[in-house]
Amino acid sequence: MINVKGYAAQNAKALLEPFKFERREPGAHDVVIDILFCGVCHSDLHMVRDEWGGTIYPIVPGHEIVGKVSRVGSEVKRFKAGDLAGVGVLVDSCRTCSSCKQGLEQYCEVHWVPTYSGYEMDRKTVTYGGYSNQIVTDENYVLSISPQLKLEGVAPLLCAGITTYSPLRHWKAGTGMKIGVVGLGGLGHMAVKFASSFGAEVTMLSTSNSKKADARRLGAAHFINTGDESAVKKSKNQFDLIINTISAPHDINTYVSLLRLNGTMVMVGIPPEDPILNVGSLIGKRKSIAGSMIGGIRETQEMLDYCAANNIVSDVELIAMKKINTAYERMIKGDVKYRFVIDMATL
Ligand code: NAP
Ligand code: ZN
Ligand code: ZN
């Protein structure tokens, strides 16, 4: 076994603290990655505090991982020692169901393995994530990382990036479309970057007026402070597509009212409490509400390659590992521009 250092929470009320654990020796198809940077996703916080139920303790969070390959198994074809590599939210799946065959492993019909606080395909071995110095992952679930981009800015692409890229591609974001992005955090800032890069006219909908200038800089043509009732009212029936990234309970009907005929709001944020929907507001203009979860491995690689070709990275604040609990408190207050990334050299 490989001895690994990380940070874990022992229960829903505990802080993250240093934790030692073991990972498997690399099998024939495994890649060992020395982790350089790991992004801090709001899902890490939801999971550490068991806000969705079902967290397995101790939990080592982290699913926005970039690092350098240190060893590979005998059958590994795509990676060698010294290569840059990334690991996102999923590290295995059944590989044979119709979703897996389409490259949609995140919608696997049998079982998919989350990078942390889940079970491997044996349904017994618990997974530990990227707030640690090394990870061992099957090469089929490892992403290639371009050396052209700043590595700390690449880490958040592995979750925040693909989670917004995938629905924007699925709903065909592009020129001539009016797109609203709700919530300017980790996911929200990537949604603005991608949607504007695809040619759409983007409006940022935020509770934080102080983020207005940043929204413009990231690519939004318009900004609506959602606390300003008259501004919200003026924007009714406007948007073809809304990407909702809000992490906390909120009234979704306000945002549904902003969709135009046949418009769709895609929920990517997962608040701990389910919203109450006013069905009439959908029926009146044949509107849809949809959901979307990360993206498959193939599409994640496509997104990373798109970012390398178009010079897109996440805007990050680099933190030392021991600052993680403070970072969580700041994330709850919306005080992050726009993703915390842990410098693993500080572990
Ligand atoms: P984040 O960085 O904390 O951003 C969330 C943003 O939502 C905040 O910056 C804030 O933006 C807004 N917000 C927070 N509380 C709000 C409230 N009460 N009312 C209105 N707006 C509020 O979080 P994140 O990492 O982007 O993650 C966002 C959500 O997506 C989380 O629930 C996370 O678990 C989920 N997620 C889902 C997937 C998926 O596959 N679907 C993947 C990753 C994450 P403003 O200051 O601009 O208002
Ligand atoms: Zn995430
Ligand atoms: Zn499957």
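Numbering of residues starts from 1 in every chain and runs along the sequence as written. Ligands are numbered from 1 and chains lettered from A, in the order in which they are written. Since the coordinates come from a predicted model, pLDDT governs what is reported: local features require at least 70, and pairs of side-chain atoms require 80 or more to be given and counted, while whole-chain, interface and lining totals use all residues. Side-chain figures throughout are based on the complete set of non-hydrogen atoms in the structure, without hydrogens or water.

### Points about helix 5 (residues 186-197)
Part 1 of the argument: Under the 1.5 Å per step criterion, the end-to-end length of helix 5 is 17 Å for 12 residues, consistent within 8% with the ideal 16 Å.
Part 2 of the argument: Of all 12 residues in helix 5, 10 are buried; the element is thus mostly enclosed.
Part 3 of the argument: Burial here depends on accessible area, computed with a 1.4 Å probe over protein chains only, as a share of the maximum for the residue type. Under 20% is buried, over 50% is exposed, and the range in between is partly exposed. Secondary structure elements follow DSSP: runs of H or I no shorter than four residues count as helices, runs of E no shorter than two count as strands, and numbering proceeds from the N terminus. Restricting attention to buried positions, one finds in helix 5 the residues Gly186, Leu187, Gly188, His189, Met190, Ala191, Val192, Lys193, Phe194 and Ala195.
Part 4 of the argument: Where helix 5 terminates, the next one or two residues include glycine 199, which has phi positive at roughly 100 degrees. Residue count minus one, scaled by 1.5 Å, sets the expected span of a helix.

### Observations regarding the site of ligand 1
Part 1 of the argument: For each residue, the test is whether any non-hydrogen atom lies within 4 Å of the molecule or strand; if one does, the residue is near. In the vicinity of ligand 1, 29 residues are found, and the nearest of them are Ser206, Thr207, Ser208, Lys211 and Arg339.
Part 2 of the argument: N or O atoms within 3.5 Å of each other form a polar contact, as long as, within protein, one can give a hydrogen and the other can take it, and as long as residues adjacent in sequence are counted only when both atoms are side-chain atoms. Contact distances for ligand 1 include 2.8 Å between an oxygen atom and a backbone N or O atom of leucine 187.
Part 3 of the argument: In this structure, an oxygen atom belonging to ligand 1 sits 2.5 Å away from a side-chain N or O atom of serine 208.
Part 4 of the argument: Look at ligand 1: alone it shows 920 Å² of surface, and the protein chains cover 90% of it.
Part 5 of the argument: Looking at the shell around ligand 1, the elements that each hand over two or more residues are helix 1 (42-48) and helix 5.
Part 6 of the argument: Here the shell around ligand 1 takes three residues from helix 1, the largest share from any one element.
Part 7 of the argument: All residues other than Ala, Val, Leu, Ile, Met, Phe, Trp, Tyr, Cys, Pro, Asp, Glu, Lys and Arg, Gly among them, are scored as polar; the first ten of these are nonpolar and the last four charged. Here the shell around ligand 1 is composed, by residue class, of 13 nonpolar, 14 polar and two charged.
Part 8 of the argument: Here the bounds of each domain stem from an automatic or database domain assignment. There are two domains that each give the shell around ligand 1 at least three residues, and those are domain 1 (2-158 + 315-346) and domain 2 (161-291). All accessible-area figures derive from a Shrake-Rupley calculation using a 1.4 Å probe, and residue coverage is judged against the displayed protein chains alone.

### Remarks on the domain arrangement of the protein chain
Part 1 of the argument: Looking at the assigned domains, one finds that the protein chain contains domain 1 (2-158 + 315-346) and domain 2 (161-291).
Part 2 of the argument: Computed over C-alpha atoms only, the centres of domain 1 and domain 2 are separated by 28 Å.
Part 3 of the argument: Salt bridges are counted wherever a side-chain nitrogen of Lys or Arg sits within 4 Å of a carboxyl oxygen of Asp or Glu. Across the domain 1-domain 2 interface, the total number found is three salt bridges.
Part 4 of the argument: A salt bridge links aspartate 214 to lysine 337, with the shortest nitrogen-to-oxygen separation between them at 3.9 Å.
Part 5 of the argument: Our enumeration of links across domain 1 and domain 2 arrives at 10 residue pairs in polar contact (both at pLDDT 80 or more).
Part 6 of the argument: Within the side of domain 1 that touches domain 2, the residues separate by chemical class into five nonpolar, three polar and four charged.

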